[in-house]
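Chain and residue survey
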Amino acid sequence: MQLAVPKPMTREQFLAWEVRQELRYEFDGFQPVAMIGETAAHSAIKSNLAIVIGGRLRGAPCQFYGSDLKIETARGFRYADGFVVCNPVAPRATVVRDPVVIFEVLGDSTGGIDIITKNHEYAAIPSVRRYVVLAQDEMAGTLFERIENDWVGHLLNADSVLRMPEIGIEAALTELYEEVEFPVAESVPHSH
């Protein structure tokens, strides 16, 4: 008995296929991966990214984009929750190849992909200076930055300030979580 192994899609096949789909898909270098819905917290943090980062970049040479454009990686294409590009992007472009700062909000089902797989893919893009991964259920995250030939991670908490000299701005982490409600931890009754 022989098993039929699906042939991997090429980048070109994926791009031609995806434009005909109602849902959004990422491409992992082998096959399309459906993008799932977001929570209210995830959506609010993405909105704050656009307001805070995009607002500070108004009139600057760099521009913030949300999750509607694809980022090309060595393996395929990814939709980040937000990113900054400092080179002109053609008005009809759907793919960006040279982001400078990338933002992801950890999803319930995508946390491992965001923190491991995408981290490796984004670190391999020469233009990327910083990758910011934000939690959605607490005010915390991890900032990865390129320091010479190294990719270094820093833990973020409520007191953190994101310093992004490559795009000329700073933002307090608290600004990215404005009006985000966190789940209340359930208390466990003590037995005596």
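Here the structure is a predicted model, which means the values were calculated and not measured.

1. Here we look at the state of the cysteines
If you walk through the whole model with that rule in mind, you get 1 disulfide. In this model, C62 is linked to C86 through a disulfide, with the two sulfur atoms separated by 2.0 Å. On the sign convention where negative means left-handed, the S-S torsion of about 100° between C62 and C86 marks this disulfide as right-handed. Of this pair, C62 sits in the loop between α2 (40-56) and β3 (63-65) while C86 sits in the loop between β6 (82-85) and β7 (95-96), and the two are 24 residues apart along the sequence. The class for C86 is partly exposed, based on a relative accessible area of 25%.

2. What about the side chain of K46?
Along the chain, K46 turns up in helix α2. Those residues in contact with K46 that sit more than four places away from it in its chain are E38, S67, D81 and V105.

3. Observations concerning the nonpolar core
The biggest cluster of nonpolar side chains holds 27 residues, and the ones touching the most others in it are I53, V84, F103, L134, M164 and I167. Taken together, the elements giving at least two residues each to this core come down to α2, β8 (99-105), β9 (130-134), β12 (161-164), β13 (169-172) and α4 (173-176). The contacts of F103, once residues within four sequence positions are left out, are L49, I53, F64, A80, D81, G82, F83, V84, V132, L162 and M164. Listed in part, the 14 residues of the second largest apolar core include F83, V96, I102 and I125.

4. Points about the confidence of the model for the chain
When pLDDT is averaged along the chain, the result is 88, and 90% of the positions lie at 70 or above. For the chain, the element scoring lowest by mean pLDDT is strand β2 (residues 32-34), at 76; β6 scores highest, at 98.

5. Some words on the pairing of β13
Alternating positions in β13 separate cleanly, I169 and A171 being buried on one face and E170 and A172 remaining unburied on the opposite face. Looking at chain direction, β12 and β13 are connected through 4 bridges and run antiparallel. Opposite M164, over in β13, you have I169 as the bridge partner. Where β12 folds back onto β13 in an antiparallel hairpin, the turn is made up of 4 residues, including G168, whose phi is positive at roughly 75°.

6. So, the sheet that holds strand β10 (residues 141-147)
The 6 strands are arranged β3-β6-β8-β9-β10-β11 in an open sheet whose pairing can be described as mixed. This sheet does not close on itself; its edge strands, each paired only once, are β3 and β11 (150-156). Taken over all neighbouring pairs, the strand axes of this sheet differ in orientation by 15° on average, direction set aside. Looking at chain direction, β10 and β11 are connected through 7 bridges and run antiparallel.

7. Concerning the pattern of salt bridges
Within this structure, the stated rule accounts for 10 salt bridges. Across the pair E175 and R56 runs a salt bridge, and its minimum N-O distance is 2.6 Å. Placement of the pair is E175 in helix α4 and R56 in helix α2, with a sequence separation of 119 residues. Among the residues examined, E175 registers a relative accessible area of 23% and is labelled partly exposed.

How each quantity is defined
- Per chain, the residues get numbers from 1 upward, laid out in the order the sequence is written.
- The predicted origin of the model limits local features to residues at a pLDDT of at least 70 and limits the giving and counting of side-chain atom pairs to 80 or more, whereas totals for whole chains, interfaces and linings rest on all residues.
- Note: side-chain values were computed over all heavy atoms of the structure, leaving out hydrogens and water.
- By disulfide we mean two sulfur atoms from cysteines, separated by a distance within 2.5 Å.
- Counting from the N terminus, the helices are DSSP H or I runs at least four residues long and the strands are E runs at least two residues long.
- With a 1.4 Å probe rolled over the protein chains alone, any residue whose accessible area is under 20% of its type maximum counts as buried; one over 50% counts as exposed, and the rest are partly exposed.
- In this analysis, two residues are considered to be in contact whenever any of their non-hydrogen atoms come within 4.5 Å of each other.
- Residues belong to one nonpolar core when they are buried, are Ala, Val, Leu, Ile, Met, Phe, Trp, Tyr or Cys, and are joined through side-chain atoms within 4.5 Å.
- Residue-level confidence of the predictor is what pLDDT reports, using numbers from 0 through 100.
- By this definition, two strands are paired if DSSP reports at least two bridges between them.
- For helices, the fitted axis covers only the stretch in contact; all axes are lines through C-alpha atoms, and the angles between them, taken along N-to-C directions, range from 0 to 180 degrees.
- One speaks of a salt bridge when a side-chain nitrogen belonging to Lys or Arg is within 4 Å of a carboxyl oxygen belonging to Asp or Glu.

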